[in-house]
Amino acid sequence: MSDFLVLRGVDHVLLGVTWSGFSRSSAADGTPVLTANGDARLVVVFPPQHVAEEASAPFSPAPLLSGDPPVPVWRSQLCGPSRVVVAVDAGTVVPLTAAGLLSALADARLVTGSGETAIELPWRLLTEPVAAGPVRCAHPADPVVADGVTGLWRTRVHGPAATALDAGLALRPVAGGPSDDPGFVIPLPAAERAVIVANAAVRPAAASRLDLSAAGGTLWVDAAWDNLHWRHRAVLGRDLTVRTSTTGVLFPFGHRAQHATVTERIMDPAAGGAAVLRHWSVLTVTEPVRRTPADAAVRRAFPFDEVEITTRTFTDLVTPTNWQLFPTPAGVPLPTFFHPLKGDGTPLRFPIRFAKPGGDLHCTLPLIFVADHSPVFASLTDPGLGLLLAQSYRERVATPGTNIDVVRSANRVDGDVHEVHAMVTTGVLASDGYRPRLTELEVRLPALRSLLGHDRPSVVTFAERYLREGDRADVLFDLAQPIKVDFTARADRSGGLVSPAFTATALSRSLGPVNLDALPNAVTGHLDPKRLFPAEATLLGLPLRDLVTQVTSPPKITSLVHTGRPPDVTLSWEDVKLVAHGPFRPAPGSRLTLTATTSPTARTTCRVNDVALVLPPGPKPLLEVRFGLIEFTQVAGREPDLRIEGLKTQFRGVLQLLEELQDAVDLGTARKVLDVTSSGITARYALPVPAVATGAFSLRNVAVHTAVEVPFDGRPVRVSLSFGSKAAPFALSVLMFGGGGYLEIELDRDGLRRLEAALEFGAQVAVDFVVARGEVHALGGVRFTLERDGSVSLEGYLRIGGSVEVLGLVSVSIEVRIGLTYRSERKSLVGRATIVVEIDLTLWSDSVELDSGEWVLAGGSAPEILRAAPEGLLTASATDEVDRWRRYRDAFDHAGRQP
């Protein structure tokens, strides 16, 4: 084997020649010749046949500036040499001259199929020409001169059926050679070359022209495969037009599409008139509308009738350099998918229309172009690729406040339609290609917004059972984060009497927010209240979970959303059986019923019937309050109402002394007064007892007061009962001796909150002499107060005073009050004295109050002032008298201590 360089400058012949299977000798004229033996090969090496030139977007400036002054630069890189191997028939004599070697090359047939012939045209794409018969080279052996001009030598590679316009060739890839890119954008990048190689290996690419020369090759290719079209025009190693068109689908919706990359050589004014390569990409949606199949499993995870890409053609796209490789079953990685980018490098967002009843939803989304590599590789049905795409694609669709019927059931319930604010889409592989699926939704719950002010979006996912069974399943969504449904601070929204609270972990079609761990048992049909309700959930201030039993469902909190008007919100919990616990004593027919609706008028009603409160609970109750009915009602635009029927009280224990008074009172005829505040509602009943007068005995101003307070902030229901009051005590007199008193009791679920009782008795005499009249009194009393914390206050006092009035012009009154109080929390005995003098003349009046302040008489180390009288109570005229009094008191105190 020998290596020769064939160089002929007149017509630019530059070849490297190697041979094998020849015998070397000399002709008669001494010219060395080669004689072919049985397996003679002539290997001709051509210089680089193609230049990879940098391509840039239309009208864009040069990618680089170089030199001083700077000049625009588009980069380029030569390809490697090409090799043509021909088989020479045995006995052929080849003179070792340029003409002799060129003649032998033209007369022989190319060796193909073994990879010996390898032509790199275009850059980094090694192919061999094939045809239905022998492939040969056609070229002159001697220089061609016309009109004194010698033409450039070139060889035309052709098949046996070649014509003047068609070489009748096909190009088959040859293994080997680098597949990387030069570091800048070229017309046929590595990703597209890889797809060409894969397709051409199955069906070679049709080429109508293939010329080789020392100045570069000329190639015309028009290859059309099922998934790729390739059109290439290169002359003397320089590209004129390159176009590739790849078919595929857009993930996740599966619309068929076609992606084309076009490169053309243009005399561009933006480049100073230079002939530069400009390239751009075009994406065309060939299947703009894709209907959701009737397959129920697909529809459950994507509740839309169809998806339309409303724009069909997208231009000015970046030529993809971000193709992602995926291995074929043969283990060869192919560029399979990419994210389309706009000319500025940002993701291309496709305008999408989701068709649904009640109005379509419009949005924009980035999509993934997935190339169809069949028949080489079934990329559109490969499970591994489908899983990879699903894992890599999570796009959020903003849908502010769109009402979507998620279930699309013939048996529609309120919880089927949701107010959706965002959706997260992906795709799954179905029988007909990729289909979209909603992996998450962000929903707002109008019922909780209306009832509790909860307006934060909640992320939900489809419940697995719903995806399997459809509308036969009741739980539709699982909540990514639990929702605290808590009416303890907003009891007015749940009927005042009951304050449900629970943690929702899912959304039910029929019930709204539910806790999956506390749904009714499949066997008994009942739920466990202790698993559903926390301790703070209450009924009449008592733990709700201890008062209900045989509950078949949790509270229903649903909303029926509408387009263009507010949703219909429903809160209901009906016919709930009640059981005894602590102070709560229901009758056999006691039930709790709660209903709150917003349509047609916002109305909330909560009713509890036939229950009693025994206060305090335990072996020694003091009071039993029985209610035939307690009903809370609130209608929009009105104050809430608390209706109480069949109210009866029974005193026990130490309070039985009041039983006779109670028996004389029929509270059923009492007048009701409602006190409504933002923190609660109180129903007050007051019934006066007729005055009793028998001889010298008189009992007046006896009134029975009962109140039931229903707080809205989680505090327990309180019941109070009083005979008389501190502000209006009852009056009792016997002859000239008189007095009065009151009794006030307040209880709740924990027992006695407060007990205060007072009794006063003494003498009071009045005289009237026409021109003057007056009165004098001396009264003594005792007041007992028991607070909830167990502290006791016991006070005894004496009031002495009188008044006189002369002719209606002058009046003078004096009141002296001396009190002695025992306070258990201080363990002290406290005394206090107060003198009040009032003078009223016709044109002038004034009053003086002297207050000793509180003195500890026992329980301390020495008498001391606990609290001085407020200075505001002393008038300016009384200041001197107060000072004299204090000096006298101090002098007496010091004198008492002298030995």
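What counts as what
- Residues numbered from 1 in each chain as written.
- Predicted model: local features only at pLDDT ≥ 70, side-chain atom pairs only at ≥ 80, totals over all residues.
- Heavy atoms only, no water.
- Pairing = 2+ DSSP bridges.
- Helix = DSSP H or I, 4+ residues; strand = E, 2+ residues; numbered from the N terminus.
- Axes fitted to C-alpha atoms, helices over the stretch in contact; angles between N-to-C directions.
- Phe/Tyr/Trp six-rings, centres within 6.5 Å; stacked < 30°, edge-to-face > 60°.
- Buried < 20%, exposed > 50% of the residue type's maximum accessible area, 1.4 Å probe, protein only.
- Lys NZ or Arg CZ within 6 Å of the ring centre and 35° of its normal.
- Core = buried A, V, L, I, M, F, W, Y, C linked by side-chain atoms within 4.5 Å.
- Contact = heavy atoms within 4.5 Å.
- pLDDT = per-residue confidence, 0-100.
- Expected span 1.5 Å × (residues − 1).
- Salt bridge = Lys/Arg side-chain N within 4 Å of Asp/Glu carboxyl O.
- Lys, Arg positive; Asp, Glu negative; His and termini not counted.
- Polar contact = N/O pair within 3.5 Å; in protein donor to acceptor, adjacent residues only side chain to side chain.

1. Thoughts on the sheet that holds strand β37 (residues 475-486)
For step 1, the next point in the chain: Spatially, β33-β34-β35-β36-β37-β39-β40 is the arrangement adopted by the seven strands of the open sheet, whose pairing is antiparallel. Each end of this open sheet is capped by a strand with a single partner; those strands are β33 (395-405) and β40 (512-514). The mean inter-strand angle of the sheet, taken between neighbouring strand axes irrespective of direction, is 35°.
For step 2, the next point in the chain: Judged from the 11 bridges that link them, strand β34 (residues 417-430) and strand β35 (residues 433-444) form a sheet pairing that is antiparallel. When the bridges of β35 are listed, Leu429 appears paired with Tyr434.

2. Let's talk about the packing of aromatic side chains
For step 1, the next point in the chain: Counted by the stated rule, this structure contains 17 aromatic pairs.
For step 2, the next point in the chain: When the centroid spacing of 5.5 Å and the interplanar angle of 45° are considered together, the rings of Phe338 and Phe369 count as tilted. Of the two residues, Phe338 sits in strand β29 (residues 333-338) while Phe369 sits in strand β32 (residues 368-371), which places them 31 residues apart along the sequence. Across this residue pair, the class does not change: Phe338 and Phe369 are buried.
For step 3, the next point in the chain: An aromatic cluster of three or more residues is present, and its members are Phe253, Phe302, Phe304 and Phe354.
For step 4, the next point in the chain: Directly above the ring of Trp220 sits Arg209, whose terminal nitrogen or CZ lies 5.6 Å from the centroid.

3. As for the nonpolar core
For step 1, the next point in the chain: If you look at the biggest cluster of nonpolar residues, it comprises 123 residues, and the most contacted ones within it are Ile352, Phe354, Val370, Met423 and Leu539.
For step 2, the next point in the chain: Broken down by element, this core gets its largest block of residues, six residues, from β37.
For step 3, the next point in the chain: For Phe354, the residues in contact, after removing those within four places along its chain, are Phe253, Phe302, Phe304, Glu306, Val307, Asp360, Leu361, Cys363, Leu365 and Met423.
For step 4, the next point in the chain: If you look at the next biggest cluster of nonpolar residues, it comprises 49 residues, including Leu42, Val94, Leu121 and Cys137.

4. A short note on unusual backbone geometry
For step 1, the next point in the chain: Cis geometry marks the peptide bond from Phe251 to Pro252, where omega comes out at 15°.
For step 2, the next point in the chain: As for its placement among the helices and strands, Pro252 is situated in the loop between β22 (238-251) and β23 (255-268).
For step 3, the next point in the chain: Residue Pro375 is bonded to the preceding Ser374 through a cis peptide linkage, with omega at 5°.
For step 4, the next point in the chain: Inspection of the secondary structure assignment puts Pro375 in the loop between β32 and α4 (383-392).

5. Notes on the confidence of the model for the protein chain
For step 1, the next point in the chain: Looking at the protein chain as a whole, its pLDDT mean stands at 84, while 85% of the residues score no less than 70.
For step 2, the next point in the chain: Highest mean pLDDT in the protein chain belongs to strand β19 (residues 205-213) (97); lowest belongs to strand β65 (residues 865-867) (43).
For step 3, the next point in the chain: Every residue in residues 861-877 is under pLDDT 50, and counting partners more than four places away or in other chains gives 25 contacts.
For step 4, the next point in the chain: Below pLDDT 50 for its whole length, residues 895-899 participates in zero contacts with residues either more than four positions away or in separate chains.

6. A closer look at the pairing of strand β36 (residues 458-462)
For step 1, the next point in the chain: Only one face of β36 is covered, namely the one carrying Ser458, Val460 and Phe462; the face carrying Val459 and Thr461 has none of its residues buried.
For step 2, the next point in the chain: Where β35 meets β36, three bridges bridge the pair, whose relative direction is antiparallel. Looking at the pairing, Leu441 lines up with Val460 of β36.
For step 3, the next point in the chain: As judged from the three bridges shared by β36 and β37, these two strands associate in the antiparallel manner. Looking across to β37, one finds that Thr461 is bridged to Asp478.

7. A short note on the sheet that holds strand β25 (residues 289-291)
For step 1, the next point in the chain: On the basis of which strands lie adjacent, the open sheet formed by four strands has the order β25-β26-β30-β31 and antiparallel pairing. The open sheet has two edge strands with one neighbour each: β25 and β31 (361-366). Strand-to-strand twist across the sheet, computed as the mean angle between neighbouring axes with direction ignored, equals 25°.
For step 2, the next point in the chain: In this structure, strand β30 (residues 349-355) lies alongside β31, joined through six bridges in antiparallel fashion. For Arg353, the partnering residue across the bridge sits in β31 and is His362.

8. Some words on helix α2 (residues 190-202)
For step 1, the next point in the chain: For α2, spanning 13 residues, the distance from its first C-alpha to its last is 19 Å, which sits close to the expected 18 Å at 1.5 Å a residue.
For step 2, the next point in the chain: When α2 is considered as a whole, its buried residues turn out to be Ala191, Glu192, Arg193, Val195, Ile196, Ala198, Asn199 and Ala200.
For step 3, the next point in the chain: Check the buried side of α2 and you find it contacts β18 (169-173), β19, β21 (228-235), β22, β23 and β29.

9. Quick look at the pattern of salt bridges
For step 1, the next point in the chain: In total, this model carries 37 salt bridges according to the counting rule given.
For step 2, the next point in the chain: Here Arg449 and Glu419 are joined by a salt bridge, their closest N and O atoms 2.9 Å apart. One end of the pair, Arg449, is in helix α5 (residues 446-452); the other, Glu419, is in strand β34, and 30 residues separate them in sequence.
For step 3, the next point in the chain: Here Arg449 falls in the partly exposed class, since its relative accessible area comes to 28%.

10. Side note on the side chain of Lys356
For step 1, the next point in the chain: Relative to the helices and strands, Lys356 resides in the loop between β30 and β31.
For step 2, the next point in the chain: Summary of buried charges: Lys356 has no salt-bridge partner, and the nearest side chain of opposite charge, Asp360, is 6.9 Å away.
For step 3, the next point in the chain: Here the side chain of Lys356 touches Gly359 through a polar contact of 2.9 Å, landing on its backbone oxygen.
For step 4, the next point in the chain: Apart from the residues lying within four places of it in its own chain, the contact partners of Lys356 are Phe304, Asp305, Leu361, Thr402, Asn403 and Ile404.

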